[in-house]
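Take a look at the letters that make up each chain.
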Amino acid sequence: KIRIVDVNTYNNTSEVGFRFFLELIFILAMIFESIWEFAELVQARLHRGSFLLYFKSLWNYIDVVTIIMQFVQIGMWIDLNAHYTINFAPQRRYAVYESLTSNARYLYTGKNMSSLASSPGLEMLRTEMETLETIANLRENIRRFSVLCIVLNVLRMLKLLDFQPRLGLVKQTI
């Protein structure tokens, strides 16, 4: 399986500052959105007498799930960039042939730490490859969460289309 992974998310380019600014705005918008939904939950308690009446509508479930998923996505993004991509600095060359006594398994990079794969360069290569695999998996999971959040946000947008009679009809059929 071949995967292309960008490990330089915040390299020294002119777009990095703008990207970071947009990410901060997104985090602030998510905080505002969660406060807004919590206020709706409290209003359901004050005006209707129970928190459970907030969850009477399917749209409120979609709102809560979307907000939770977006916060999970933000946490995964922070974890990816704070723990993995910043510290990821592979060498250009690894001395994997230091163990010249191995029996034709020079590039063995499996989990088996036998005498056939005991060179320090090979162990460093294995560690870097595991880190790279973790980065690739995190990026794939972030992309999956992004797609799900986009679909859920489109559904949330449909909730707001009641003001227009024809679009409200589309919402009612869903």
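S.K.: Where do I start with the overall build of the chain in this structure?
M.R.: Counting its regular elements, the chain contains four helices and zero strands. The helix and strand sequence of the chain, counted from the amino end, reads α-α-α-α. Out of the 174 residues belonging to the chain, those deemed buried represent 28%.

S.K.: For this particular structure, what's the right way to read the packing of aromatic side chains?
M.R.: For any two aromatic rings, the description comes down to two numbers: the centre-to-centre distance and the angle of the planes. Under the defined criterion, the tally for this structure stands at three aromatic pairs. Summarising the aromatic geometry, the rings of Phe32 and Trp36 are spaced 6.0 Å apart at their centres and angled 45 degrees between planes, so their arrangement reads as tilted. Taken together, the positions of Phe32 and Trp36, both in helix α1 (residues 15–48) and four residues apart, correspond to about one turn of that helix. Of the two residues examined, Phe32 and Trp36, each falls in the exposed class.

S.K.: How should the pattern of salt bridges be read in this particular structure?
M.R.: Side chains that differ in sign of charge can pair as their charged atoms come close. This structure, assessed with the given rule, holds four salt bridges. For Glu23, the salt bridge is made with Arg19, and the minimal N-O distance between the two is 3.3 Å. Separated by four residues within a single helix, Glu23 and Arg19 lie in helix α1, roughly one turn from each other. For Arg19, a relative accessible area of 33% puts it in the partly exposed group. Across the pair Glu33 and Arg156 runs a salt bridge whose closest N-O atoms are separated by 2.1 Å. Taken as a pair, Glu33 in helix α1 and Arg156 in helix α3 (residues 120–159) lie far apart in primary sequence, 123 residues in all.

Cut-off values and rules
- Residues numbered from 1 in each chain as written.
- Predicted model: local features only at pLDDT ≥ 70, side-chain atom pairs only at ≥ 80, totals over all residues.
- Heavy atoms only, no water.
- Helix = DSSP H or I, 4+ residues; strand = E, 2+ residues; numbered from the N terminus.
- Buried < 20%, exposed > 50% of the residue type's maximum accessible area, 1.4 Å probe, protein only.
- Phe/Tyr/Trp six-rings, centres within 6.5 Å; stacked < 30°, edge-to-face > 60°.
- Salt bridge = Lys/Arg side-chain N within 4 Å of Asp/Glu carboxyl O.

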